[in-house]
Amino acid sequence: MTDLTNKRLATRFVHAGTVPDPSTGAIMTPIYQTSTYVQEAPGVNKGYEYARSQNPTRFALESAFATIENGQYGLAFSSGVAATDAVLKLLSVGDEVIAAHDMYGGTYRLFTQVFARFGIVFKFVDTTDPSKVAEAITPNTKLIWIETPTNPLMNITDIQAVATIANDAHVLLCVDNTFATPFLQLPLNEGAHIVMHSATKYLGGHSDVIQGCLVMNDKALRDRIYFIQKSSGAIPGPQDCFLVLRGLKTLHVRMERHCENGAAVAHFLRNHPAVVKVWWCGFEDHPGYAVARKQMKDFGGMLSFELKDNSHSNTMRVLAATKVFALAESLGGVESLINHPATMTHASIPREERIKNGLSDSLIRLSVGIESIEDLLADLDEAITGVSN
Ligand SMILES: Cc1ncc(COP(=O)(O)O)c(C=O)c1O
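Computed from a predicted structure; not experimentally measured. (Residues numbered from 1 in each chain as written. Predicted model: local features only at pLDDT ≥ 70, side-chain atom pairs only at ≥ 80, totals over all residues. Heavy atoms only, no water.)

## A closer look at the sheet that holds strand E9 (residues 302-307)
Here five strands make up an open sheet; going across it, the order is E8-E9-E12-E11-E10 and the pairing mixed. In this open sheet, the two strands that pair with only one neighbour each are strand E8 (275-279) and strand E10 (326-327). In the sheet, strand E11 (residues 337-339) pairs with strand E12 (residues 364-367) via three bridges, with the strands oriented antiparallel. The residue bridging Ile 338 from the neighbouring strand is Leu 366, located in E12. (Pairing = 2+ DSSP bridges. Helix = DSSP H or I, 4+ residues; strand = E, 2+ residues; numbered from the N terminus.)

Right under this line is the structure:
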């Protein structure tokens, strides 16, 4: 493998995890589509016994995940929520989790409707104020879970500040880095213990795979989660690992364009007479701007907005009117998507809870893709004004 220790980001993304195949020299790691491995004698094998536990394509990807997040160990899962599920399975009855009050609806659902039934206690706090995290810690707190920027309100949490609180209290800090990606933000460098991704999104990057990952530095923690991974079995197949491994090679190039287009769309919408508010962490008056500047290289391609006429009918009209932005769940692919969090990605959060945290029924979320910016702006303008240019 190319020694990537002192290499710059772009070189790391292109080369992470891949070694020329030892038998043929193939530059891309082959898809080892096998469930088992022939052994010379019982217990005498090449380090591969059964594909739920070991697969070379998956191992290549896991090594790539570790490299790009600047961590020691990577683990791949069959989805982002499967990766989250594995972290939660480190806990026992009575353990407490402090979680961000604004987060992906599926994570909230997993916490409140699955793990709460097994006696894990969840406290949702505004993690953008680290003192609220400190106040919520008790002797039973075992895990702090944050997203930054958050889905969909683009709230920013100071990872370093929360990591200090977590370390002082001997509590694990896991950061969902899906929105930022390692191109923009490296939570392990800021003191987090685990980085989690929905690799379905920017890491895969082409809307063709569901996958999750975890990266960490602590070997004992890695071994505990690996045990959970092979015991629970939520592993990705080799074909999916290949697709994500391929996606990673262009992450930096795609992210540059996502950021460029994201900024252009954010400013365009903010200046649009029919738009009342835009949520994007690159605005200087965003409450998390200073922290975002400190811990992120740029501001990403995700943003949300609300129309001045925020009636249900007008919001629905605009959601159905875009032609380049496709109306769909998910994010982070090369193509632009438009989404209605209240009825789509965040429908599993009770309405009162959503509204209390600022997620209104009229919020529209955009995942800005890498198409020509002129087409993206014209598409939004036509949809919002109802007039073809
Ligand atoms: C921020 C965030 N975390 C986690 C997930 C869950 O990932 P997956 O859909 O791959 O299970 C999502 C999915 O949308 C997400 O947006």
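## So, the domain arrangement of the chain
Under the domain assignment used here, the chain contains domain 1 (9-248) and domain 2 (252-385). Distance from the C-alpha centre of domain 1 to the C-alpha centre of domain 2: 26 Å. Facing the 41 residues of domain 1 at the interface are 43 residues of domain 2. Buried area between domain 1 and domain 2, both sides added, is near 3,300 Å², and the carbon and sulfur share of it is 61%. When the buried area of domain 1 at its contact with domain 2 is split by residue, Leu 153, Leu 184 and Tyr 202 rank highest and sum to 22% of it. Put simply, domain 1 and domain 2 have one salt bridge between them. Salt-bridge contacts for Asp 158 lead to Lys 294; the nearest nitrogen and oxygen are separated by 3.0 Å. Linking domain 1 with domain 2 are 17 residue pairs in polar contact (both at pLDDT 80 or more). Of all the elements in the fold, those that place two or more residues in the side of domain 1 that touches domain 2 are helix H1 (9-15), helix H4 (105-114), helix H6 (159-168), helix H7 (181-184) and helix H9 (238-248). Examining the composition of the side of domain 1 that touches domain 2, we find that five residues originate from one element, H4, more than from any other. For the side of domain 1 that touches domain 2, the per-class residue count stands at 20 nonpolar, 17 polar and four charged. (Domains from an automatic or database assignment. Contact = heavy atoms within 4.5 Å. Buried area = accessible area lost by both parts, 1.4 Å probe. Salt bridge = Lys/Arg side-chain N within 4 Å of Asp/Glu carboxyl O. Polar contact = N/O pair within 3.5 Å; in protein donor to acceptor, adjacent residues only side chain to side chain. Nonpolar A, V, L, I, M, F, W, Y, C, P; charged D, E, K, R; others polar.)

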